[in-house]
Amino acid sequence: MNILVTGGSGYIGSHTCIELLNAGHTVTVIDNLSNSSHVALQRVRKITGKEVKFYHGDLLNRQLLETIFSQNQIDAVIHFAGLKAVGESVAKPFLYYHNNITGTLLLCDVMEKYGVHQIVFSSSATVYGAQKTVPLSEELPLQATNPYGKTKQMIEEILQDLSIANPKWSIALLRYFNPVGAHESGLIGEDPNGIPNNLVPFITQVASGRLQELKVFGNQYKTHDGTGVRDYIHVVDLAYGHLRALESVVQNNGVHAYNLGTGIGYSVLDVVSAFEQVIGKPIPYKIVDPRPGDIAVSYADPSKAKEELNWKATKGLYEMCEDAWRWQKTNPLGYEKEIQSV
Ligand code: NAD
Ligand code: UD1
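Here the structure is a predicted model, which is why all the values come from computation and not from measurement.

**Student:** Would you take a moment to explain the packing of helix α1 (residues 11–22) against helix α8 (residues 235–251) for this structure?
**Tutor:** Two quantities define a packed helix pair, namely the angle between the axes and the distance from one axis to the other. The interhelical angle for the contact between α1 and α8, taken along N-to-C directions, is 60°, at an axis separation of 8 Å. When the axes of α1 and α8 are compared, the pair comes out oblique. Between α1 and α8 the crossing geometry is right-handed. Where α1 abuts α8, its residues Y11, I12, H15, T16, E19 and L20 lie against V235, V236, L238, A239, Y240, H242, L243 and L246. Residues belonging to the contact of α1 with α8 are distributed by class as follows: 10 nonpolar, 3 polar and 1 charged.

See the structure below:
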């Protein structure tokens, strides 16, 4: 199939492009490179030995979307493109609502026009907000608490409505837990702008000496060691999940939500300890106040994806840390500074 991957040069998108190409699909990417580098797709080509067609542009540019759909026989879309920083979304809600929601509306409108009704959408476990119990299963009520999370929740609802209006639509809503790690080649990985917000990229930068010490946000939660617990999932497992979801949307109409997580929760200190084993030296850290808006525990009930998509995460925490570290070591300053080595 010819798959349009929006946001395909980003972290999860680039890993998914590899699995799509390896599975024999043709891949067309649209990305405005607002949070990624063109080098990522060069690396995807290097890893797979296959071509990726790239349109450098914005989802908000309807004309460009029309061009892409008219120039290519697109069979299905995997829709990653979006802004994803929670703190920034609180400061700039309009930017987030416009980019994420308007972008999706335009994309779906053009898909409808060109008769393409199969879409796999990047949602997030953030749509669950704070729930009373874990593990989190798909039928829980959604209650996102920040503008970023609300864009995901609203897009899920918009896609549900599209499917009611036209039963030809076939939609997978993938609720990712905490994607970490990198491709085993060390050639592609997460390349955050500025100081990372998320735990694993922060730790890798402490390990490499780029940052001084990790701040652990709170140690008084009701967890086994007092630090926050999350469901970390290897990005390559996540990429496979998109392949399974794609196979499912081509066979089944309607809207289907799936958790993509391992079902296992690890604390911040568990992750620090796994990382220390990988690098063979201590990670300096200090305990600070909890981060506002953080929840104590979040992990998935991944059984629906196992039953309906025949998908299950296979990579453990050690491998996630090992692969994240290989990427960091090989590309200490991310993509842009490494262009000559491609
Ligand atoms: P990313 O920022 O690396 O990738 C997103 C890509 O979309 C970037 O390459 C960016 O340049 C592009 N983009 C953004 N707005 C665009 C627009 N208007 N037009 C064209 N391109 C645009 O992020 P990621 O970690 O790969 O996440 C991919 C998707 O998964 C996002 O929708 C994100 O919200 C969602 N998600 C990510 C996580 C995570 O922790 N990484 C967790 C849950 C959900
Ligand atoms: C964050 C986002 C969430 C998004 C998810 C994707 C917030 C509030 N939430 O969630 O919307 O879907 O990323 O991966 O930003 N931690 C530290 N020190 C750090 C960084 C993190 O102790 O420097 C702790 C956090 O308190 C948390 C855990 O590490 O307990 C994981 O944090 P993070 O990687 O930011 O992910 P989430 O908080 O789960």
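**Student:** Could you clarify how one ought to interpret helix α9 (residues 268–279) in this entry?
**Tutor:** Because an α-helix packs 3.6 residues into every turn, residues spaced three or four apart end up facing the same way. If you check α9, its first and last C-alpha atoms are 17 Å apart, about what 12 residues at 1.5 Å a residue would give, namely 16 Å. Every buried residue belonging to α9 is among V268, V271, V272, A274, F275, V278 and I279, and all of these are buried. Around the axis of α9, the buried residues are gathered within 165° of arc, so they sit on the same side. On its buried face, α9 is in contact with α7 (199–207), β8 (214–217), β10 (232–234), β12 (266–267), β13 (285–288) and α11 (317–330). Just downstream of α9, G280 is the residue with a positive phi angle, here 70°.

**Student:** Explain the site of ligand 2 to me, please; I cannot follow it from the model alone.
**Tutor:** Neighbouring ligand 2 are 18 residues, the closest being K215, F217, R230, R291 and D294. Between ligand 2 and K215 there is a distance of 2.7 Å, counted from a nitrogen atom to a backbone nitrogen or oxygen. The separation between an oxygen atom of ligand 2 and a polar side-chain atom of R291 is 2.8 Å. Looking at the shell around ligand 2, the elements with two or more residues in it are β7 (178–180) and β8. Ranked by residue count, the leading element in the shell around ligand 2 is β8, at 4 residues. Its residues placed into classes, the shell around ligand 2 shows 8 nonpolar, 6 polar and 4 charged.

**Student:** Where do I start with the packing of α1 against helix α2 (residues 39–48) in this structure?
**Tutor:** For the pair α1 and α2, the least separation of the axes is 10 Å and the interaxial angle reads 30°. Relative to α2, the element α1 lies roughly parallel. Crossing geometry of α1 relative to α2 is assigned as right-handed. Contact residues: α1 offers S14, C17, I18, L21 and N22, while α2 offers A40, L41, V44, I47 and T48.

Cut-offs applied
Residues numbered from 1 in each chain as written. Chains lettered and ligands numbered in written order. Predicted model: local features only at pLDDT ≥ 70, side-chain atom pairs only at ≥ 80, totals over all residues. Heavy atoms only, no water. Axes fitted to C-alpha atoms, helices over the stretch in contact; angles between N-to-C directions. Helix = DSSP H or I, 4+ residues; strand = E, 2+ residues; numbered from the N terminus. Parallel < 35°, antiparallel > 145°, perpendicular 65-115°, else oblique. Left-handed = near helix turned anticlockwise from the far one by under 90°. Contact = heavy atoms within 4.5 Å. Nonpolar A, V, L, I, M, F, W, Y, C, P; charged D, E, K, R; others polar. Expected span 1.5 Å × (residues − 1). Buried < 20%, exposed > 50% of the residue type's maximum accessible area, 1.4 Å probe, protein only. Arc of directions from axis to C-beta. Near = heavy atom within 4 Å. Polar contact = N/O pair within 3.5 Å; in protein donor to acceptor, adjacent residues only side chain to side chain.

Function cannot be inferred from these measures alone, as they are strictly geometric.
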